[in-house]
Amino acid sequence: MTTPDTNTIFICEYTILPEFTTRDSCMTLFGGMTPTDDLNELGNVKLLGRWSCVGEGRGYCIAQAPTVVDMQKWLNGWISMANIKVWPCLDDNQQRELILGKEPDFKVEYNNVSGAPHENESLYFINYKFRPSHREEGFSAFAEMSREMDQADSGKCTCYGRWHVPSEGRGVAIASSPSAFDIYKWAYNWDELCVCKISPVTRDQDTRSIIQNGLGFKVKHSALMEQVKALKNA
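About the cut-offs
- Starting afresh in each chain, residues are numbered from 1 along the sequence in its written order.
- Two thresholds apply to this predicted model, a pLDDT of at least 70 for residue-level local features and 80 or more for giving and counting side-chain atom pairs, whereas whole-chain, interface and lining totals are computed over all residues.
- The basis for every side-chain value is the complete set of heavy atoms in the structure, and neither hydrogens nor water enter the calculation.
- What makes two strands pair is DSSP finding at least two bridges between them.
- Elements are defined by DSSP. Helices are runs of H or I of four residues or more, strands are runs of E of two residues or more, and each kind is numbered from the N terminus.
- Here the axes come from fitting lines to C-alpha atoms, over the contacting stretch only for helices, and the angles between their N-to-C directions go from 0 to 180 degrees.
- Cavity means a closed set of points on a 1 Å grid over the protein atoms alone, one where a 1.4 Å probe fits but cannot get out, pocket means an open set with protein on both sides within 12 Å along at least 5 of 7 lines, and lining means a residue has an atom within 4 Å of a point.
- Grid points are joined across faces, edges and corners, and a volume is the space filled by probe spheres set on the points.
- Just so you know the grouping, Ala, Val, Leu, Ile, Met, Phe, Trp, Tyr, Cys and Pro go in nonpolar, Asp, Glu, Lys and Arg go in charged, and all remaining residues, Gly too, go in polar.
- Using a 1.4 Å probe on the protein chains alone, a residue whose accessible area is under 20% of its type maximum counts as buried, one over 50% counts as exposed, and one in between counts as partly exposed.
- Any two residues having at least one pair of non-hydrogen atoms within 4.5 Å are treated as being in contact.
- Here a crossing is called left-handed whenever its near helix is offset anticlockwise from the far helix by less than a right angle, and right-handed whenever the offset is clockwise.
- In the analysis that follows, any N or O atom pair within 3.5 Å is treated as a polar contact, provided that within protein one partner can donate a hydrogen and the other can accept it, and provided that, for residues neighboring in sequence, both atoms belong to side chains.
- Stacked, tilted and edge-to-face pairs are distinguished by plane angle, under 30 degrees for stacked and over 60 for edge-to-face with tilted covering the rest, among Phe, Tyr and Trp rings (Trp via its six-membered ring) whose centres lie within 6.5 Å.
- Counting as a charge over the ring demands two things of the Lys NZ or Arg CZ atom: a distance within 6 Å of the ring centre and an angle within 35 degrees of the ring normal.
- As used here, the arc is the angular range of directions from the helix axis to the C-beta atoms.

A short note on the sheet that holds strand 8 (residues 194-203)
Working step 1: Here we have 8 strands rolled up into a closed barrel, ordered 1-3-2-8-5-7-6-4, and antiparallel in their pairing. The mean angle between the axes of side-by-side strands here comes to 35°, regardless of whether they run parallel or antiparallel.
Working step 2: Bridge count for strand 1 (residues 8-16) against strand 4 (residues 82-91) is 8 bridges, and the pairing is antiparallel. Bridging from a neighbouring strand, Ile 11 pairs with Trp 87 of strand 4.

Pasting the structure below:
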């Protein structure tokens, strides 16, 4: 069997607190961050991908860390502004090995998790959960797929990554699709076995561009940075 990775993968689901000033400050702070800022606050955490539902002030991320403590150290910087739920998870290869009791016949690559959508396509984050009466059937159907079946299943959509919480019979995926029809067509393939919730999302680069182009961003960001500076010097 495959030697387990010492770094656990985590699914994070966040919702910015609803108070207007809190939401505005959180989005302004995040919108002004650079990739270097991200690396500085992550510590021992490796961020695989993060996607936002800007209009709802919520989103998701997939991260990898040596321990739960490392994850919570990173998230601690945001808990005054957002509720953040965290679940340890398995990728496709680990999930199939768990169900089959042996290494799967093929391995799924995870080298473009945070990739941009293809031209004229959009990104969608999918939450799935097997129906209680079809959970074992769903596990078997997924685990026994061949590479060809797996690729054909998504149709015109491109899956950049999929992760599972086996104890709850649910999981998530990030995918690019040319249309709402195509992303729902993929989900419909599994309609008998599971329920899928699909959210249109943007990755960090696009989310930050949207925020920075909002009314008064530069003024709000400058004032917020002065507050942050004062706190650091206190």
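Now, onward.
Looking at empty space enclosed by the protein
Working step 1: Applying the stated rule across the entire model yields 2 cavities of 30 Å³ or more.
Working step 2: Quantified by volume, the largest cavity comes out at close to 310 Å³.
Working step 3: Lining the largest cavity are 21 residues, with Tyr 14, Cys 26, Phe 30, Arg 50 and Trp 78 positioned closest to its centre.
Working step 4: Contributions of two or more residues to the lining of the largest cavity are made by strand 1, helix 1 (20-31), strand 2 (46-53), strand 3 (58-65), helix 3 (68-75), strand 4 and helix 8 (204-212).
Working step 5: In the lining of the largest cavity, the residues fall into 15 nonpolar, 3 polar and 3 charged.
Working step 6: Here the second largest cavity defines a volume of roughly 240 Å³.
Working step 7: Along its surface, the second largest cavity is lined by 18 residues, and Tyr 128, Arg 162, Trp 190, Cys 194 and Cys 196 are the ones closest to its centre.
Working step 8: When residues of the lining of the second largest cavity are traced back to their parent elements, those giving at least two are strand 5 (122-130), helix 5 (135-143), strand 6 (158-165), strand 7 (170-177), helix 7 (180-188) and strand 8.

Remarks on the side chain of Asn 93
Working step 1: Tracing the backbone shows Asn 93 in helix 4 (residues 92-100).
Working step 2: Asn 93 gets classed as buried once you look at its relative accessible area, which sits at 13%.
Working step 3: Setting aside anything within four residues of it in sequence, one finds Asn 93 in contact with Pro 104, Phe 106, Lys 107, Val 108 and Tyr 110.

A closer look at the packing of helix 4 against helix 5
Working step 1: Look at helix 4 against helix 5: their axes get within 9 Å of each other, and the N-to-C directions meet at 115°. Seen along the crossing, helix 4 lies across helix 5 with a hand that is left-handed. In contact with Asp 92, Gln 95, Arg 96, Ile 99 and Leu 100 of helix 4, helix 5 contributes Phe 139, Phe 142 and Ala 143.
Working step 2: In terms of residue class, the contact of helix 4 with helix 5 is made up of 5 nonpolar, 1 polar and 2 charged.

A look at the environment of Arg 58
Working step 1: Within the secondary structure, Arg 58 sits in strand 3.
Working step 2: The sequence separation of Arg 58 and Ala 82 amounts to 24 residues, and the corresponding C-alpha distance is 8.7 Å.
Working step 3: Excluding residues that lie within four positions of it along the chain, Arg 58 makes contacts with Tyr 14, Thr 15, Ser 52, Cys 53, Lys 197 and Ser 199.
Working step 4: Polar contacts involving the side chain of Arg 58 include one to the side chain of Ser 199, which spans 3.2 Å.

Notes on the packing of aromatic side chains
Each aromatic ring pair is described using two quantities: the centre-to-centre distance and the angle formed by the ring planes.
Working step 1: Inspection of the entire model under this criterion finds 6 aromatic pairs.
Working step 2: Summarising the aromatic geometry, the rings of Tyr 60 and Phe 125 are spaced 4.0 Å apart at their centres and angled 10° between planes, so their arrangement reads as stacked. One end of the pair, Tyr 60, is in strand 3; the other, Phe 125, is in strand 5, and 65 residues separate them in sequence.
Working step 3: Looking at Tyr 60, the relative accessible area reads 1%, which means it is buried.
Working step 4: Looking at Phe 125, the relative accessible area reads 0%, which means it is buried.
Working step 5: Connected via pairs of aromatic rings, a cluster forms that spans Trp 51, Tyr 60 and Phe 125.
Working step 6: One cation-aromatic arrangement involves Arg 96 over Phe 142; the distance from NZ or CZ to the ring centre is 4.0 Å.

Description of the pairing of strand 8
Working step 1: In terms of strand pairing, strand 2 meets strand 8 through 2 bridges, oriented antiparallel. Opposite Trp 51, over in strand 8, you have Arg 203 as the bridge partner.
Working step 2: Two elements, strand 5 and strand 8, share 8 bridges in a ladder whose sense is antiparallel. Across the sheet, the residue bridging to Ile 126 is Ile 198, located in strand 8.

Comments concerning helix 7
The α-helix winds at 3.6 residues per turn, so residues separated by three or four positions along the chain end up facing the same way.
Working step 1: Asp 182, Ile 183, Trp 186 and Ala 187 are the residues of helix 7 that are buried. On an axial view of helix 7, the arc spanned by its buried residues comes to 140°, and they lie on one face. Residues of helix 7 that are exposed and point more than 90 degrees away from the buried face comprise Phe 181, Tyr 184, Lys 185 and Tyr 188.
Working step 2: Where the residues of helix 7 are buried, they touch strand 5, helix 6 (147-153), strand 6, strand 7 and strand 8.

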